[in-house]
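# A look at the structure
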Amino acid sequence: MTSTYVKDPAPAPPRPPETGTSRPLTRRAADWLTAFCFTLPALLLFGALVLAPILYAVYVSLFNWGGFGAPSDYAGLDNYTRLIHDPVFLGDLWRGLLLVLFSVCVQLPFALGMAVLLNRKLRGRALYRMLFFAPYVLSEVITGVLFSMIFAPDDGLADKVLGSVGLDGLGGLWFADQDHVLPTLFLVMTWKYFGFHMMLYLAGLQGIPTELHEAARIDGAGPWQRFRHITLPLLGPTVRISVFLSVIGAIQLFDLVWVVTQGGPDHHSETMAVTMFQFGFKRYQMGYASAISIAMFLISLVFALIYQRSVLRRDTQGALTAMRASR
């Protein structure tokens, strides 16, 4: 019996080390190209539907233009000079500030309290959530018409209910009274929008581990202490987003006010958006209306930048850190 000896193949020569940076640069360029291709449609839409109208509004605001034909009567910064001396627009700023304060100090705490209540194990809490969120689903036009009928003087449901319990003195002109129109309008806004913020808070509350509350309860912490030291800090990102949305919404409020009061009586419920609509489509002063729109845009932009840098900065940094860690 003969045995055969098979010689092991010679080992392959070692590959020379890569000295250039062509492959990393090529991979990086491919990543950038992929990201650009995915974001290009969104950038095109953003440029066509956001940037182009803003730039055109800036252009139109430099003219005394009625909206027909091409702008030709160049006015420079006269529309902006008129803006800062217009008592109606200055009143819009004051009313907008009041609506922001009402929203942040009244509407949002009320929504947070309802969210904490409905986060407990209550019988029928799903029904309550649906009922409280239902007003947000209704359009602003339907809401405006509904409350115009409810707060109609003398014949409205509000006056009849107050009269039936002996509180006739609390009824009145509601939307037709200069002193009552803004609080009544804010009541309608709260009914319409608090359900949205309540659902935001409910989503945030359900992300808080129950073990933390159980441990705090074992240590002797009461309900208020658990809410102050556990619930509220962990709900901070949700609260900050809710405040941001509420402020921006109050600055840009239009449709609900227009359906209910059209800015009356005597401009006492008018907002910047309503004033812009009045001058642009009722008085045909498109140049001045464009200046108002640019002022609204700048106010919203400045607030958003300051809020993002001072309030949301920690949240965004935490999100970026989590994204990098998950790679």
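Residues numbered from 1 in each chain as written. Predicted model: local features only at pLDDT ≥ 70, side-chain atom pairs only at ≥ 80, totals over all residues. Heavy atoms only, no water.

We now examine the overall build of the protein. When you go through the protein residue by residue, the secondary structure sums to 14 helices and 0 strands. Each helix (α) and strand (β) of the protein, taken in turn from the N terminus, gives the series α-α-α-α-α-α-α-α-α-α-α-α-α-α. Counting across all 327 residues of the protein, residues that qualify as buried make up 33%. When contacts within the protein are restricted to residue pairs at least 6 apart in sequence, those whose partners lie at least 24 apart make up 66%. Summed over its atoms, the accessible surface of the protein is roughly 21000 Å², and 67% of this surface lies on carbon and sulfur atoms. (Helix = DSSP H or I, 4+ residues; strand = E, 2+ residues; numbered from the N terminus. Buried < 20%, exposed > 50% of the residue type's maximum accessible area, 1.4 Å probe, protein only. Contact = heavy atoms within 4.5 Å. Areas by Shrake-Rupley, 256 points an atom, 1.4 Å probe, with all protein chains shown as cover.)

So, about helix H10 (residues 236–251). In this model H10 runs 23 Å from its N-terminal to its C-terminal C-alpha over 16 residues, within 8% of the 22 Å that 1.5 Å per residue would give. Of the positions making up H10, those classed as buried are Gly236, Thr238, Arg240, Ser242, Val243, Ser246, Val247, Ile248, Ala250 and Ile251. (Expected span 1.5 Å × (residues − 1).)

It is worth spelling out the packing of helix H3 (residues 87–118) against H10 at this point. Between H3 and H10, the shortest axis-to-axis distance is 9 Å and the interhelical angle comes to 145°. In terms of crossing hand, the pair formed by H3 and H10 is right-handed. Taking contact as the criterion, the partners of Leu99, Val100, Ser103, Val104 and Leu108 in H3 are, on H10, Ser242, Val243, Ser246, Val247 and Ala250. Looking at side-chain class alone, the contact of H3 with H10 contains 7 nonpolar, 3 polar and no charged residues. (Axes fitted to C-alpha atoms, helices over the stretch in contact; angles between N-to-C directions. Left-handed = near helix turned anticlockwise from the far one by under 90°. Nonpolar A, V, L, I, M, F, W, Y, C, P; charged D, E, K, R; others polar.)

Another point: a nonpolar patch on the surface. Together, Leu33, Phe36, Leu40, Leu43 and Leu44 line one region of the surface with nonpolar side chains, adding up to about 480 Å² of accessible area. Within the secondary structure layout, Leu43 lies in helix H1 (residues 22–60). (Patch = residues over 30% accessible without salt bridge, like charges linked within 9 Å, V, L, I, M, F, W, Y side chains within 5 Å. Salt bridge = Lys/Arg side-chain N within 4 Å of Asp/Glu carboxyl O.)

This brings us to the pattern of salt bridges. Opposite charge on two side chains makes pairing possible when the charged atoms of those side chains draw close. Enumeration over the complete set of coordinates arrives at 2 salt bridges. Between Asp92 and Arg95 there is a salt bridge, and its shortest N-O distance comes to 2.7 Å. With Asp92 and Arg95 both in helix H3, this residue pair falls 3 residues apart, about one helical turn. For Asp92, a relative accessible area of 1% puts it in the buried group.

The next subject is unusual backbone geometry. The peptide bond linking Gly264 to Pro265 adopts the cis configuration, its omega dihedral lying at -5°. Within the element layout of this structure, Pro265 appears in the loop between helix H11 (255–260) and helix H12 (272–282). Despite not being glycine, His267 shows a phi value in the positive range, around 70°. Tracing the backbone shows His267 in the loop between H11 and H12. Taking the relative accessible area as the measure of exposure, His267 reaches 28% and is therefore partly exposed.

Within the largest apolar cluster, 53 residues are counted, with the highest numbers of intra-cluster contacts made by Phe89, Phe151, Met198, Tyr201, Leu253 and Leu256. No other element matches the 11 residues that helix H7 (residues 181–205) contributes to this core. When near neighbours in sequence (up to four residues on either side) are disregarded, Tyr201 contacts Leu108, Ala111, Leu112, Ala115, Leu235, Thr238, Val239 and Ser242. (Core = buried A, V, L, I, M, F, W, Y, C linked by side-chain atoms within 4.5 Å.)

Keep in mind these values describe shape, not function.
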